[in-house]
Amino acid sequence: MNAITTVGAPGLAPVRGTARIEVLDMLRGIALLGILFINIPYMAAPVAQFSADVRAIGWTLPDRIAWSVNYLVWSGTMRCVLQFLFGAGMMILTARAMEPDGPVAVADLYYRRNLWLLAFGVVNAVVLFWPGDILHIYALAALFIFPFRRLGPKLLLTLGLGWSVLFALGIPDYGVREYVTRTELVHDVNRAVATEQAGLPLTRADRSALVDWRRTMEALDRPAETATAIADEQAAHAGSPFAYAAHFWRMWRDLISEWLVWSVIEAVCTMLIGMALWKWGIIQGQRDRGFYLRLLIGCYAIGFTLRGIGLAETLSFSPGPRTIWFTAEVARLALGLGHVALINLAVQTRFGSGLLQPFKAAGRVAFSLYFLQQVLGMWVLFAPWGFNLWGRFGWASMSAIAVSVIAGEIVLANLWLRYFASGPLEWAWRSLAYQRLMPMRRAPQAKLASIPGVTT
């Protein structure tokens, strides 16, 4: 199904009406809304405090359940689905460029769209103060995947799994090497402690292990540094608007300097997998129920097993080795693909399709809803000039706030699309990309088509 229609030459235009693939809209809506569960703690709570110890901002039974659900179900997986969708979206947008004489205008449009997306991402980080912006990362990653569009799905999948291999090897952090090193260190320390308790003299290896352990604990537990970071956050939320803005600008700068390259590599690889899923007809719902059921069971079995082991290791609050150091990316991809399978399986049933219909509208205005989340979080709910609710909630309360915002956004998206053809930021992005003003309000024919029992 082409994402462009011909109106003269080159005649590029955005996809509308029946040309859209509804399951992709549903996936996009669910992923965009679900990502708020992960983002909201970085808006509502002291990041330095819960980064040092997740129990520090609340550890009641509801808090433990909410944090565990976020860890198991949402963390990284919504990002994964969005990256899959970017890869699939590239295949849709550039369909005509796959032809031998495909117009240069397609590539021109593709790169222009993503350069404007990069600009929107910078605005999100600088103007709305959101250091966790994903748009600029996805825009940069999308610039690299266009040349891969002609590759076969098996090769795309192989290349896409490259990041999982790098991650498992400990690039950029931890990995199987650190797991082996930490395992050996724990074994050596236990032996040294047992020797010491037995009143026997310590060997050189025993003393070296104890020294290495002390250094490791000092690197992991830096109370003075954590206290300073918490104080800085508190000052930013209690100070002037400029202090508030400067704090989040510094956070974004630090994230870019440390993680931008790795984040782009992760996004590129996952987008390549999304391209393979498109070519196999998986992400857009072209397989049968049996296929999606098998894919769902297999992916969830892998993903939830790996995440479950990681959860148990994390909740032990022990500095010992953790398998999640090298299995996290495999688990993220498995769960992300499992979510894709679940949604595609659901839409092939009457009940599931009806249940997921509201998310279709959210997916069509996902760009605008994503910005709305930042406006609500960074400028209204938790800003010092807004409701000033920062630092008052634990994990369960923040999840409840996320649910409320998500519900409101679903209602807003469905009401908006009764009268408008696209979201306000979607309209601006498309108008900039196509270099002409796009229609904002719905055409009368589109309104009639939306009324049950009326055909056009």
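Bear in mind that the values here come from a model prediction, so they are computed numbers and not experimental data.

Let's shift gears to the pattern of salt bridges. Within the structure shown, the criterion is met by 13 salt bridges. A salt bridge links Arg 364 to Asp 25; its shortest N-O distance comes to 3.0 Å. Of the two residues, Arg 364 sits in helix 16 (residues 350-364) while Asp 25 sits in helix 1 (residues 22-34), which places them 339 residues apart along the sequence. One salt bridge connects Glu 225 with Arg 222, and the closest N-O pair in it is separated by 3.8 Å. Of the residues examined, Arg 222 reaches a relative accessible area of 43% and is grouped as partly exposed. Among the ionic contacts, a cluster of salt bridges with common partners joins Arg 79, Glu 266, Glu 329 and Arg 332.

It is worth spelling out the nonpolar core at this point. Core analysis: the largest hydrophobic core is formed by 114 residues, its most contacted members being Leu 24, Phe 84, Ile 283 and Trp 395. Of the residues forming this core, the biggest block, 14 residues, is contributed by helix 13 (residues 241-279).

What follows is about the packing of helix 5 (residues 77-93) against helix 6 (residues 104-126). Helix 6 packs onto helix 5 with a crossing angle of 145 degrees between their chain directions and a minimal axis gap of 10 Å. On helix 6, the residues touching Phe 86, Met 90 and Leu 93 of helix 5 are Val 106, Leu 109, Tyr 110, Arg 113, Asn 114 and Leu 117. Across the contact of helix 5 with helix 6, the residue classes tally to seven nonpolar, one polar and one charged.

Once that is clear, we can look at helix 11 (residues 204-220). With 17 residues, helix 11 should cover 24 Å at 1.5 Å per step; its first-to-last C-alpha distance of 24 Å lies within 8% of that length. Along helix 11, the residues classified as buried are Asp 206, Ala 209 and Thr 216. End-on view of helix 11: buried residues confined to an arc of 85 degrees, all on one side of the axis. Within helix 11, the exposed residues directed more than 90 degrees away from the buried face are Arg 204 and Arg 215.

To continue, consider the packing of helix 12 (residues 223-238) against helix 13. Running from N to C, helix 12 and helix 13 point in directions that differ by 140 degrees, and their axes come no closer than 7 Å. By the angle between their axes, helix 12 is oblique relative to helix 13. Here the hand of the crossing between helix 12 and helix 13 comes out left-handed. For the pair formed by helix 12 and helix 13, the contact residues are Asp 232, Glu 233, Ala 236 and His 237 on the first element and Ala 243, Tyr 244, His 247 and Phe 248 on the second. Tallied by class, the residues present in the contact of helix 12 with helix 13 amount to four nonpolar, two polar and two charged.

The next point concerns helix 18 (residues 395-419). Counted at 1.5 Å a residue, the expected span for helix 18 with its 25 residues is 36 Å, and the 37 Å between its end C-alpha atoms agrees. Of the positions making up helix 18, those classed as buried are Trp 395, Met 398, Ser 399, Ile 401, Ala 402, Val 405, Ile 406, Glu 409, Ile 410, Ala 413 and Leu 417. Its buried side turned inward, helix 18 meets helix 1, helix 2 (36-44), helix 3 (47-52), helix 4 (61-74), helix 16 and helix 17 (366-381).

Bringing a nonpolar patch on the surface into the picture now. Taken together, the side chains of Val 122, Val 123, Val 126, Val 127, Phe 242 and Trp 249 present a nonpolar region at the surface, about 490 Å² in accessible area. Looking at the nonpolar patch, the elements that each hand over two or more residues are helix 6 and helix 13. The greatest single-element share of the nonpolar patch, amounting to three residues, is contributed by helix 6. On the secondary structure map, Val 127 appears in the loop between helix 6 and helix 7 (135-145). Here Val 127 falls in the partly exposed class, since its relative accessible area comes to 45%.

Tracing the backbone through its elements, the reader meets Gly 408 in helix 18. Residues Gly 408 and Leu 345, 63 residues apart in the sequence, show an inter-C-alpha distance of 26 Å.

On the secondary structure map, His 339 appears in helix 15 (residues 324-347). Note on His 339: relative accessible area 10%, which makes it buried. At a separation of 3.3 Å, a polar atom in the side chain of His 339 contacts the main-chain carbonyl oxygen of Val 73. Setting aside its immediate chain neighbours within four residues, His 339 contacts Leu 27, Val 73, Thr 77, Met 78, Val 81 and Tyr 300.

Calculation notes
Residues numbered from 1 in each chain as written. Predicted model: local features only at pLDDT ≥ 70, side-chain atom pairs only at ≥ 80, totals over all residues. Heavy atoms only, no water. Salt bridge = Lys/Arg side-chain N within 4 Å of Asp/Glu carboxyl O. Helix = DSSP H or I, 4+ residues; strand = E, 2+ residues; numbered from the N terminus. Buried < 20%, exposed > 50% of the residue type's maximum accessible area, 1.4 Å probe, protein only. Core = buried A, V, L, I, M, F, W, Y, C linked by side-chain atoms within 4.5 Å. Axes fitted to C-alpha atoms, helices over the stretch in contact; angles between N-to-C directions. Contact = heavy atoms within 4.5 Å. Nonpolar A, V, L, I, M, F, W, Y, C, P; charged D, E, K, R; others polar. Expected span 1.5 Å × (residues − 1). Arc of directions from axis to C-beta. Parallel < 35°, antiparallel > 145°, perpendicular 65-115°, else oblique. Left-handed = near helix turned anticlockwise from the far one by under 90°. Patch = residues over 30% accessible without salt bridge, like charges linked within 9 Å, V, L, I, M, F, W, Y side chains within 5 Å. Areas by Shrake-Rupley, 256 points an atom, 1.4 Å probe, with all protein chains shown as cover. Polar contact = N/O pair within 3.5 Å; in protein donor to acceptor, adjacent residues only side chain to side chain.

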